[in-house]
Amino acid sequence: MTDSDSSNSDDEMVLDVLFYLPRPRFFRDRSNPLEDFDDFDFKSRFRLSKETFVFLLHLIGNDLRRSTNRSFAISPEIQILVTLRYYATGTFQAVIGDHVHVHKSTICRTIKRVSLAIGRLRPHFINMPRDAEEIQKVQTGFFRLKGFPRVVGAVDCTHIRIRSPNSNIGERFRNRKGYFSFNVQAICDSNLKIMNIVARWPGSVHDSTIFDNSMCRAQFENGEYGNSFLLGDGGYPCRDYMMTPLLRPVTEAEKRYQKAHIGTRNVVERLFGVWKRRFPVIAVGIRTQLNTTMTTIVATAVLYNILKEQGDEMPADEYAVDNDLLLEIDMNPVRQTGNLVRGQLIDLVFT
């Protein structure tokens, strides 16, 4: 073997070793939207103001902070901004990664981690009235709308689109409109604040089934809210504490009841419109694992209430609502045990 042949063989061996070595990691400079955007552009892109962002960072920043700076760990600020951008667009995670120069797999883990941190705030920001004073305050707010007395909440469900689950359970999530979803129950007050949310039922499950298996039903059955009412649409059975619309109002008193009921209960329809416009990810659909999807739904609900408490509103044109949704009545043929109470209410209040 000549010297030249030996040299070529060594070169080939080096090239083979280099070929099979793992690709070196490349750390790119990450943008910082807090510095890149002014207040208006920041709010348009992340759906909250910089002041509210700082408040949220104070609440969950320590939970997101890494114990090491190895591999250029992402700061809590950037983790939250990445997640907010996902909520604000619902776009593919790779696109968000390109925006802040982070790999797709890191984006996926970050969104799950931040959503869990926000979701853990639920006991502090999503609550039904807890004492007589709070109940009275909520009832007064509802009464000022259309004169309907003793209302402590409006309840309804909305479908959040998801990607098709695996074949074993997929059809459980196909709703009556033909797409896959979670059927999410919410109860709100007259100011469109979420007081209760249930985000674990497949899209094929009926609204009344979700309520019948909820903690709220047990609380009302146990009399924890006194003689207060929930307002539901015709998909719920009429009960002593659940007032639903009449199928065919005839008398003037019944028509006044019907008008007051629809005008008061539509706050929950408006809530769904505002919530989905604030966080388009729950309007366009969530393409993550089921557990992460449920966490995302709850996290956006918590964040929505935080924004309400902070007075951080979006422009009015963001909240256009389809009025046709407000008049939908889906009558449920189940036994209506509250007909007597509803009749007495009509006689006493709306006559």
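If you check an unreviewed UniProt entry, the chain appears there as Putative nuclease HARBI1 from Macrosiphum euphorbiae. Regarding the chain, the UniProt comment filed under Function (unreviewed entry) reads as follows: "Transposase-derived protein that may have nuclease activity. Does not have transposase activity." One UniProt comment on the chain, placed under Sequence similarities (unreviewed entry), says "Belongs to the HARBI1 family."

Student: Could you give an account of the sheet that holds strand β5 (residues 242–243), with specific residues and numbers?
Tutor: In spatial order, the strands read β3-β2-β1-β4-β5; together these five strands make up an open sheet with mixed pairing. Looking at strand neighbours, the two that pair on one side only are β3 (194–202) and β5, the edges of this open sheet. Pairing geometry for strand β1 (residues 151–161) and strand β4 (residues 229–231), over three bridges, is parallel. Note on β4: the bridge partner recorded for V151 is F229.

Student: Could you give an account of the packing of aromatic side chains, with specific residues and numbers?
Tutor: Scanning all chains against the criterion turns up twelve aromatic pairs. Between Y86 and Y87 the ring centres are 6.3 Å apart and the planes differ by 50°, which places this aromatic pair in the tilted class. Of the two residues examined, Y86 and Y87, each falls in the buried class. Taking the centre distance of 5.4 Å and the plane angle of 25° together, the rings of F220 and Y241 count as stacked. With F220 in helix α11 (residues 215–221) and Y241 in the loop between β4 and β5, the pair connects residues that are 21 residues apart, well separated along the chain. A residue is classified by how much of its surface remains accessible, and Y241, at 7% relative accessible area, is buried. Ring pairing ties together the aromatic residues F211, F220, Y225, Y236 and Y241, which thus form one cluster.

Student: Pulling in residues and values, what's your account of the nonpolar core?
Tutor: If you look at the biggest cluster of nonpolar residues, it comprises 92 residues, and the most contacted ones within it are F148, L271 and W275. Ignoring any residue separated from it by four or fewer positions in sequence, one finds W275 in contact with T158, V184, I197, I282, I297, T300, A301 and Y304.

Student: Now, about the pattern of salt bridges: what can you tell me, with residues and values included?
Tutor: Scanning the model with the defined rule gives twelve salt bridges in all. The closest approach of N and O atoms between K43 and D312, which form a salt bridge, is 2.8 Å. Here K43, found in helix α3 (residues 39–46), pairs with D312, found in the loop between α14 (290–309) and α15 (339–350); they are 269 residues apart in sequence, far enough to count as distant. A salt bridge links R130 to E134; its shortest N-O distance comes to 3.8 Å. Taking the relative accessible area as the measure of exposure, R130 reaches 60% and is therefore exposed. Taken together, the shared-partner salt bridges connect D212, R217, E221 and R239 into one network.

Here is what the cut-offs are and how they apply
Residues numbered from 1 in each chain as written. Predicted model: local features only at pLDDT ≥ 70, side-chain atom pairs only at ≥ 80, totals over all residues. Heavy atoms only, no water. UniProt positions renumbered as here; feature names shortened; annotations may be inferred. Pairing = 2+ DSSP bridges. Helix = DSSP H or I, 4+ residues; strand = E, 2+ residues; numbered from the N terminus. Phe/Tyr/Trp six-rings, centres within 6.5 Å; stacked < 30°, edge-to-face > 60°. Buried < 20%, exposed > 50% of the residue type's maximum accessible area, 1.4 Å probe, protein only. Core = buried A, V, L, I, M, F, W, Y, C linked by side-chain atoms within 4.5 Å. Contact = heavy atoms within 4.5 Å. Salt bridge = Lys/Arg side-chain N within 4 Å of Asp/Glu carboxyl O.

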